[in-house]
Amino acid sequence: METELRAAAIRHDGSCDVDALLAEVVDAQLRAGRRVRGLLMAPSEQRGDCLAEMVLVDIDKRDGYLVSQQLGRESKACRADPHGFARASEVLRAALDDAPELIVCNRFGRLESEGTGFSAELLEIMSRDIPFLTVVSRHLVDEWQRFTGGAAALLPPDRAAIDAWLARTLAPASV
């Protein structure tokens, strides 16, 4: 029998603001008294000719980490900034030693699917059996399945489904 990881990805299919959904879930868990650590995408606004900046926010300390580069409107290159991700990865590494009840990471993205970005930290989280929640684009679902050996849940972008997974996965909250 295959063991299911205590990890799940919310499938980002464009049907809702998945960053806002993940932030709402985190907020509800914090209000319930849970120790939640990790990173969320900060809300952003489009500026000028370039795409909006991508900033990750530490759930615990509220520090922001710029993880995008301004490459110009016509650029087709990936605008993810590896240096920004390296700086933000310290939040996930610190969370490993903080005994959280849940670790959240804003995305399993292209960088992670290629073995960079937060891939080492995500593998460590799962190897320690710490409950873990992220988001995956519909275009990277197969890579997520390979990354987790098919042992992690894939959830619809639906609050009730996410809450049900959390209820099955987390110990009852001590309020």
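Scroll up for the structure.
Residues numbered from 1 in each chain as written. Predicted model: local features only at pLDDT ≥ 70, side-chain atom pairs only at ≥ 80, totals over all residues. Heavy atoms only, no water.

### Observations regarding the pattern of salt bridges
For step 1, the next point in the chain: Counting across every chain of the model gives 14 salt bridges.
For step 2, the next point in the chain: Taking the shortest distance from any N to any O, the salt bridge between D129 and R6 comes out at 3.3 Å. Remark: R6 occurs in the segment before β1 (7–12) and D129 occurs in the loop between α4 (119–127) and β6 (132–137); sequence separation between them is 123 residues.
For step 3, the next point in the chain: Relative accessible area serves as the criterion here: at 42%, D129 is assigned to the partly exposed category.
For step 4, the next point in the chain: For E121, the salt bridge goes to R93, with nearest N and O atoms at 3.1 Å. Placement of the pair is E121 in helix α4 and R93 in helix α2 (residues 82–96), with a sequence separation of 28 residues.
For step 5, the next point in the chain: Bridged by salt links that share partners, the residues R35, R37, D60 and D98 form one connected network. (Salt bridge = Lys/Arg side-chain N within 4 Å of Asp/Glu carboxyl O. Helix = DSSP H or I, 4+ residues; strand = E, 2+ residues; numbered from the N terminus. Buried < 20%, exposed > 50% of the residue type's maximum accessible area, 1.4 Å probe, protein only.)

### Observations regarding the packing of α2 against α4
For step 1, the next point in the chain: Two elements in contact, α2 and α4, have axes whose closest approach is 9 Å; the angle formed by their N-to-C orientations is 15°. Of the possible angle classes, the one that applies to α2 and α4 is roughly parallel. In the packing of α2 onto α4, the handedness of the crossing is left-handed. Residues S89, L92, R93 and L96 of α2 form the contact with α4, whose participating residues are E121, L122, E124 and I125. (Axes fitted to C-alpha atoms, helices over the stretch in contact; angles between N-to-C directions. Parallel < 35°, antiparallel > 145°, perpendicular 65-115°, else oblique. Left-handed = near helix turned anticlockwise from the far one by under 90°. Contact = heavy atoms within 4.5 Å.)

### Re the nonpolar core
One recurring pattern in soluble globular proteins: nonpolar side chains tend to sit buried together.
For step 1, the next point in the chain: By size, the foremost hydrophobic cluster in this structure holds 30 residues, and its most contacted members are L39, L56, F118, L122, F132 and W144.
For step 2, the next point in the chain: Only β1, β2 (36–41), α2, α4, β6 and α5 (141–147) provide two or more residues apiece to this core.
For step 3, the next point in the chain: Element by element, the count of residues in this core is highest for α2, at six residues.
For step 4, the next point in the chain: Core analysis: the next-biggest nonpolar cluster, separate from the first, contains 20 residues, I59, V135, W165 and L170 among them. (Core = buried A, V, L, I, M, F, W, Y, C linked by side-chain atoms within 4.5 Å.)

### Thoughts on helix α6 (residues 159–169)
For step 1, the next point in the chain: Of the positions making up α6, those classed as buried are A161, I162, W165, L166 and T169. One face of α6 carries all of its buried residues, which in axial projection span an arc of 135°. In α6, the exposed positions angled more than 90 degrees off the buried face are occupied by A160, A167 and R168.
For step 2, the next point in the chain: Contacts from the buried residues of α6 go to β1, α1 (18–31), β5 (102–104), β6 and β7 (153–155). (Arc of directions from axis to C-beta.)

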